[in-house]
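Chain by chain, the residues:
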Amino acid sequence: DAMVIQNPRYQVTQFGKPVTLSCSQTLNHNVMYWYQQKSSQAPKLLFHYYDKDFNNEADTPDNFQSRRPNTSFCFLDIRSPGLGDAAMYLCATSRGFGGAETQYFGPGTRLLVL
Amino acid sequence: EDQVTQSPEALRLQEGESSSLNCSYTVSGLRGLFWYRQDPGKGPEFLFTLYSAGEEKEKERLKATLTKKESFLHITAPKPEDSATYLCAVQAAETSGSRLTFGEGTQLTVNP
C-alpha cells in the first residue's frame, strides 16, 4: 500500500543535542510537510517542500531546519532542542499545492527532550 | 484570519448512541473542508473532503455535511472503535497553496 512512513516512532534526545527525524513516502507526491503537534493541540505547520522548493512558515523558529534530498525522503533537523520542543512531529504529503489538495499524514514521531 | 472552532471539546457516548460533532469556520473563501480521525499517539487519518455548501459524504457510520458556516460529522450507532479525536481543517481560497488551518479537535469516547 502507498503510504507515508516516519522513523523513528519515538525519539529521546538531550537538551541541546541535535536530532534528525525522517519521513519517506511511496505516494510519489510533489509536496511534503512537517507539522508540530503538542498534547491536545492542533497540528502546527512548520514548513513544506514543493519538489525542491523550500517554504518556511513565518513563525517557525530558526532552530528547525529541513532537507529533501529526493522526491521520496524529507528530514527534519532540530539543531538545539529545548524542553519546549518536546512534541509529536508529523510528516504529511499532498499531490500538489495549488488547489484543494488532500494531505496524507504519517504515524508521527514522538520527541522527548531530557 | 482563518479560524476553525470545534465543539464540543470532548464527548462521551454509549455504544449505539448517535450524535454530531460541530466544526464552525471563518475563512475568506473556502477551497475545501477536511475531516480527519486521530488515534492517540498516531498521525491524523483522512476521512472526508467537502468542497461546497450542501455537500454530504458518508463512510460506514460517519456522515459529514457542510453549510456556508459550519460542518457536522454525524456518527450513527457508534461503536467503541470509533473512539478517537476528530479534527476538522479548512483550506481557504485566499491562503497560498494547500495550507490547512486546523481546529483543536473533538475527543470522542464511546463506551461499550
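Residues numbered from 1 in each chain as written. Chains lettered and ligands numbered in written order. Predicted model: local features only at pLDDT ≥ 70, side-chain atom pairs only at ≥ 80, totals over all residues. Heavy atoms only, no water.

Quick notes on the interface of chain A and chain B
In this complex, chain A contributes 26 residues to the contact, which on the side of chain B involves 22 residues. Carbon and sulfur atoms make up 53% of the area that chain A and chain B hide from each other, which totals about 1,700 Å². By the criterion of area lost to chain B, the three top residues of chain A are Phe97, Ala100 and Phe105 of chain A, representing 27% of everything that side buries. Where chain A packs against chain B, one counts one salt bridge. Counting across the interface, chain A meets chain B through nine residue pairs in polar contact (both at pLDDT 80 or more). (Contact = heavy atoms within 4.5 Å. Buried area = accessible area lost by both parts, 1.4 Å probe. Salt bridge = Lys/Arg side-chain N within 4 Å of Asp/Glu carboxyl O. Polar contact = N/O pair within 3.5 Å; in protein donor to acceptor, adjacent residues only side chain to side chain.)

Here we look at the packing of aromatic side chains
For the structure on display, the rule yields 13 aromatic pairs over all chains. Here Phe105 of chain A and Phe102 of chain B contribute two aromatic rings whose centre-to-centre distance is 6.3 Å and whose plane-to-plane angle is 70°, an arrangement assigned as edge-to-face. Of this pair, Phe105 of chain A sits in strand E10 (residues 104-105) while Phe102 of chain B sits in strand E10 (residues 101-102), placing the two residues on different chains. The residues Phe105 of chain A and Phe102 of chain B share a single accessibility class, namely buried. Summarising the aromatic geometry, the rings of Tyr36 of chain B and Phe46 of chain B are spaced 5.9 Å apart at their centres and angled 70° between planes, so their arrangement reads as edge-to-face. (Phe/Tyr/Trp six-rings, centres within 6.5 Å; stacked < 30°, edge-to-face > 60°. Helix = DSSP H or I, 4+ residues; strand = E, 2+ residues; numbered from the N terminus. Buried < 20%, exposed > 50% of the residue type's maximum accessible area, 1.4 Å probe, protein only.)

What is shown is where atoms sit, not what they do.
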